[in-house]
Amino acid sequence: MHINDVAQASAALHELLSSEGPLTVLTGAGISTDSGIPAYRDHKGAWKSAPPMQHREYMASNQARQRYWARSLHGWPRLYYAKPNAAHQLLTQWQAQGLIGTIITQNVDGLHQRAGSNDVINLHGDANSMICMDCGQRSPRLDMHERCLTLNPSYASLSPQVGPDGDAFLEGDFSDFHVPSCLHCSGVLKPYVVYFGDNVPRPRVERAQQALENSGGLLVIGSSLMVFSGFRFARQAQQAAKPLALLNFGTTRADSIASLKLVAAIIPTLSNTDALTRIAQATTPN
Ligand SMILES: [Zn+2]
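Every chain's residues receive numbers from 1 upward, in the order its sequence appears when written. Local features in a predicted model are, by the rule used here, given only for residues with pLDDT of at least 70; side-chain atom pairs are given and counted only at 80 or more, and totals for whole chains, interfaces and linings are based on all residues.

**Some remarks on the overall build of the chain**
Selection rule: Numbering of helices and strands starts at the N terminus; helices are DSSP runs of H or I of at least 4 residues and strands are runs of E of at least 2. Only C-alpha atoms enter the radius of gyration; for comparison, a globular chain is expected to reach 2.2 Å times N to the power 0.38, where N is the number of residues. Three exposure classes are used. Buried residues have 20 or more other C-beta atoms within 10 Å of their own C-beta, exposed residues have 12 or fewer, and partly exposed residues fall in between, all C-beta atoms being placed from the backbone. Placing a C-beta atom from the backbone of each residue, one calls two residues in contact when those atoms lie within 7 Å.
Helix and strand counts for the chain stand at ten helices and ten strands. A compact globule built from 286 residues should have a C-alpha radius of gyration of about 19 Å, and the chain, at 20 Å, falls within 12% of that. Each of the three principal axes of the chain carries a C-alpha extent, and together these read 65 × 35 × 35 Å. Relative to its full complement of 286 residues, the chain shows a buried share of 42%. At a minimum sequence separation of 6, the contacts of the chain that also span at least 24 residues come to 73%.

**So, helix 9 (residues 228–239)**
Worth spelling out the cut-off: The span you would expect from a helix comes to 1.5 Å times its residue count less one.
Along its twelve residues, helix 9 runs 16 Å from first to last C-alpha, staying within 8% of the 16 Å computed at 1.5 Å per residue. If you follow the buried residues of helix 9, they end up packed against strand 2 (23–27), strand 3 (100–105), helix 8 (202–213), strand 8 (218–221) and strand 9 (244–247).

**Some words on the packing of helix 1 (residues 6–20) against helix 10 (residues 266–283)**
Put simply, the rule reads: Axes here mean lines fitted to C-alpha atoms, for a helix over just the part in contact, with angles spanning 0 to 180 degrees between N-to-C directions. An angle below 35 degrees is read as roughly parallel, one above 145 as roughly antiparallel, one from 65 to 115 as roughly perpendicular, and any other as oblique. When the near helix sits turned anticlockwise from the far one by under a right angle, the crossing is termed left-handed; a clockwise turn instead gives a right-handed crossing.
The geometry of helix 1 relative to helix 10 is characterised by a closest axis approach of 8 Å and an angle of 55° between their N-to-C directions. One finds that helix 1 runs oblique with respect to helix 10. Crossing handedness for the pair helix 1 and helix 10: right-handed. Within the contact between the two elements, helix 1 uses V6, A7, A9, S10, A11, L13, H14, L17 and S18 and helix 10 uses P268, T269, N272, T273, L276, T277 and A280.

**Re the packing of helix 3 (residues 62–80) against helix 6 (residues 141–151)**
To keep it simple, the criterion reads: Only Asp, Glu, Lys and Arg are considered charged, only Ala, Val, Leu, Ile, Met, Phe, Trp, Tyr, Cys and Pro nonpolar, and every remaining residue, Gly among them, polar.
With their axes 10 Å apart at the nearest point, helix 3 and helix 6 run at an angle of 115° to one another. Where helix 3 crosses over helix 6, the handedness of that crossing is left-handed. Mapping the contact onto sequence places W69, L73 and W76 in helix 3 and R141, H145, C148 and L149 in helix 6. Its residues placed into classes, the contact of helix 3 with helix 6 shows five nonpolar, one polar and one charged.

**Structural notes on the sheet that holds strand 6 (residues 138–140)**
For the record, the criterion: At least two DSSP bridges between two strands are required for those strands to pair.
If you trace the three strands from one edge of the open sheet to the other, you get 6-5-7, paired in antiparallel fashion. Edge strands, defined here as strands with exactly one partner in the open sheet, are strand 6 and strand 7 (189–193). With direction set aside, neighbouring strand axes in the sheet form an average angle of 45°. Bridge analysis of strand 5 (residues 125–132) against strand 6 gives three bridges, and the strand direction is antiparallel. Pairing of S129 across the sheet is with P140, part of strand 6.

**Notes on the nonpolar core**
For clarity, the cut-off: Here a nonpolar core is just a set of buried residues of the types Ala, Val, Leu, Ile, Met, Phe, Trp, Tyr and Cys, joined wherever their C-beta atoms sit within 7 Å.
Counting residues in hydrophobic clusters, the biggest one holds 49 residues, and the most contacted among them are L218, V220, A245, L247 and L262. When neighbours within four sequence positions are excluded, L218 is seen to be in contact with L23, T24, L26, L212, F233, A234, A237, K242 and L244. Y68, A70, M144 and C148 belong to the second largest nonpolar core, which has 13 residues in total.

**A short note on the pairing of strand 8**
Inclusion rule: Call a crossover right-handed when, viewed with both strands pointing away from you, the route from the first strand across the helix to the second goes clockwise.
The alternating pattern of strand 8 places L218 and V220 on one face and L219 and I221 on the opposite face, and all of these are buried. By the bridge criterion, four bridges tie strand 2 to strand 8 in an arrangement that is parallel. Paired with T27 across the strands is I221, a residue of strand 8. Pairing of strand 8 with strand 9, which is carried by four bridges, proceeds in the parallel orientation. Residue L218 lies in a different strand from strand 9, and its bridge partner there is L244. Of the crossover connections in this fold, the one passing from strand 8 over helix 9 to the parallel strand 9 is right-handed.

**Side note on the pairing of strand 2**
Here strand 2 lies mainly inside the structure; five of its five residues are buried. A two-sided burial pattern is seen for strand 2, the buried positions comprising L23, V25 and T27 on one face and T24 and L26 on the other. Pairing of strand 2 with strand 3, which is carried by four bridges, proceeds in the parallel orientation. Following the sheet pairing, V25 is matched in strand 3 by I103.

**Comments concerning the sheet that holds strand 1 (residues 2–3)**
Read from one edge of the open sheet, seven strands run 1-10-9-8-2-3-4, paired in parallel fashion. Since the sheet does not close on itself, it has two edges, and those belong to strand 1 and strand 4 (120–122), each with one partner. Examined bridge by bridge, strand 9 and strand 10 (residues 260–262) share three bridges and lie parallel to one another. The partner of L246 across the bridge, within strand 10, is K261. Sheet contacts for helix 4 (residues 86–97): strand 2 and strand 3; angle to strand 3, the most-contacted strand, approximately 140°.

Here it is, written out as structure tokens:
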């Protein structure tokens, strides 16, 4: 069923939560755009700008890392200082009420946790954390950011437009950019994020699959599911004959297998659903 009216979408979602909940929720970039974090893809699921850096490219080339960190110097603070919006907050509330279970997120902004949700699987990692690719030491991204600023004052004074996932639109010659290395072993430091071309660690995928298996269905919010790492959960729901609801403005890869497609704005739809749920709870006799 296809619905593109907020009132109808929220009624359908309310119905689903009350009959099949707790649902597993899968979120993508669309839920964080209202927190000021730009999305990668347009409504048709196509790249808005150049595709993000691949893992292999980052590891193989110092030049690629210079470009990455020069851009990140301006892009990452937007991510770091972003605040959870009403959608993140409603999901936290629904989780506490038992309407939804695990939140699986493709986002690396940490906004679900900062909104207070506790059962969250960061499918693609955490952009506010670093890992050394040689010794495995984890460290805060803020430390890396501050080292980059100190080593590269001429880059710190630029003000390019900010892009998705801690990127910024800066072009040119980055050969004089100093990329800090691991303080323990001088190894290559990488954000603790699953890059394109990387695989999501198997135990993480299995934990998410298990959560979906134990729940009443899957609600996808703000994702085009173009990447297989997210799409596989839509397919899992379909194969298990569980309800699969999609709340997304644009086309998704799972449109043809969804039981419910809601083409409506995220915050109004979730807020309306919440209002309906509260009315229902108030009128249900004990
Ligand atoms: Zn190291």
